[in-house]
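The primary structure of each chain is shown beneath.
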Amino acid sequence: MSHLVEFPGLGLRFTVNEVAFSIGNYDIRWYGVIIAVGFFLAMVYAWRSAKKMSIDMDRLIDAVLAGTVGGIVCARLYYVIFYPGDKYWNDPIQILFIHDGGIAIYGGFIGAMVFGGLVAKWRKLPVPAVLDLASLGFLIGQGVGRWGNFVNQECFGAATTLPWGMLSDNTRAVVPEGPVHPCFLYESILCLLGFVLLHFFTRKLRRYDGQTFILYLIWYGAVRFFIEGTRTDSLMLGSFKISQLVAAAGVVAGVGLLLVFRHRKSLSGCGSAAIVEAMGLEEGEPQLEASTIFGGLPPYEEDADQEASATSGEAPADEDEPQQPKESAEAGDETQKEAE
């Protein structure tokens, strides 16, 4: 499906197609492609930042996998639970048809935090530091992923006279009186701005693990609260927009946590230079231990041999030099004594 999209105040007009390409009879949509790109960029950032935050990347992948699955499931359930009407009650099998659309970002956030956090704890990762890194990844994913809503021409706001107001066949069907707020654009810009600010805060000013996550709750909560006020397709709880309620709760909880931990100084990785120095932290690879979800695989044998040798004070054996069996060596000593 294609949409003719216009920004009259800016003199822009172009056509967007929801389908990126097709494989046989199966369409690959831009929405999925854009979400995948956002996820990939978030993973690249996590991979480059894990060392600075003293997080084992192998174990982090375990948590990410669990958080991704939990996020998708909970994003769908959140949407189904608050969906207006009895569509899913009358035909529950429709719940599985996620490819037809219908997910909620706050449901995904909750699922990712719960399931990813549980696996991070099980894998003995510093959970608050993992939440800090995850929140930065969320901002990347949200900033990029919102452009999928643009391609689908959804998640727009009420009528506006601002010069960047947007028009399309979908907006006219809901708001016939004129251009609407491009809510996807607002959220994309503010999420990417939040990422830049919190990235530098994490590297230079963070005073304790978990502080970046708390600031994310406040930043995104405030952004979503005001943007949600203009949207025309919000999930409702009575006369209240559910996302606004959740966003407001996130802001209040975040401010409360900042006050509770205002004297806290505890880092496992990068942050305030004074605190990093006071705690004697150095950037480096996390300690090598069993690090996969598939079993307790030991460290690399070579590194383990070197560590054992360093502990015992003996030099590691040369693998290329053949070792004389102990019994043969003892027999040789006895023969030498008899000869004497």
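Keep in mind it's a predicted model, so treat the numbers as computed, not measured.

Parameters and conventions
- Here the residue numbering is sequential within each chain, running from 1 through the sequence in written order.
- In keeping with the model being predicted, local features are shown solely for residues with a pLDDT of at least 70 and side-chain atom pairs are shown and tallied solely at 80 or more, while totals for entire chains, interfaces and linings include all residues.
- Computation of side-chain values covers all heavy atoms of the structure but excludes hydrogens and water.
- At least two bridges found by DSSP between two strands are what make those strands a pair.
- Strands are runs of DSSP state E lasting at least 2 residues, helices are runs of H or I lasting at least 4, and numbering of each runs from the N terminus.
- To estimate how far a helix should extend, the number of its residues minus one is multiplied by 1.5 Å.
- Any residue under 20% of the maximum accessible area for its type is buried, any over 50% is exposed, and the rest in between are partly exposed; the area is computed with a 1.4 Å probe on protein chains only.
- The reported arc concerns the directions from the helix axis to the C-beta atoms and nothing else.
- When checking whether two residues touch, look at their non-hydrogen atoms; a contact exists if any pair is within 4.5 Å.
- Disulfides are defined as pairs of cysteine sulfur atoms found within 2.5 Å of each other.

## Observations regarding the pairing of strand β4 (residues 26-29)
Strand residues, when the strand is regular, have side chains that alternate between the two faces of the sheet.
So, point 1. Sheet analysis places strand β3 (residues 19-23) next to β4, joined by four bridges and oriented antiparallel. What sits directly across from S22, in β4, is D27.
So, point 2. Linking two consecutive strands that pair antiparallel, namely β3 and β4, is a turn of two residues; a positive phi of about 65° is found at G24 within it.

## Focus: helix α1 (residues 30-49)
So, point 1. Under the 1.5 Å per step criterion, the end-to-end length of α1 is 28 Å for 20 residues, consistent within 8% with the ideal 28 Å.
So, point 2. When α1 is considered as a whole, its buried residues turn out to be I34, G38, A42, Y45, A46 and S49. With its buried residues spanning 115° around the axis, α1 presents them on a single face. Opposite the buried face of α1, at more than 90 degrees from it, the exposed residues are F40, W47 and R48.
So, point 3. Tucked into the core, α1 has its buried residues touching α2 (57-82), α5 (127-152) and α7 (183-204).

## Thoughts on unusual backbone geometry
So, point 1. Phi at K124 takes a positive value of approximately 60°, unusual for a residue other than glycine.
So, point 2. In this fold, K124 is placed in the loop between α4 (105-122) and α5.
So, point 3. Look at Q153: it is not a glycine, yet its phi comes out positive at around 55°.
So, point 4. Along the chain, Q153 falls in the loop between α5 and α6 (169-174).

## Here we look at the state of the cysteines
So, point 1. Tallied over the full model, the rule gives zero disulfides.
So, point 2. Cysteine C155 shares no disulfide, and the gap to the nearest cysteine sulfur, in C183, comes to 8.2 Å.
So, point 3. Residue class for C155 comes out buried when judged on its relative accessible area of 12%.

Fair warning: the whole summary comes from geometry, so function is off the table for now.
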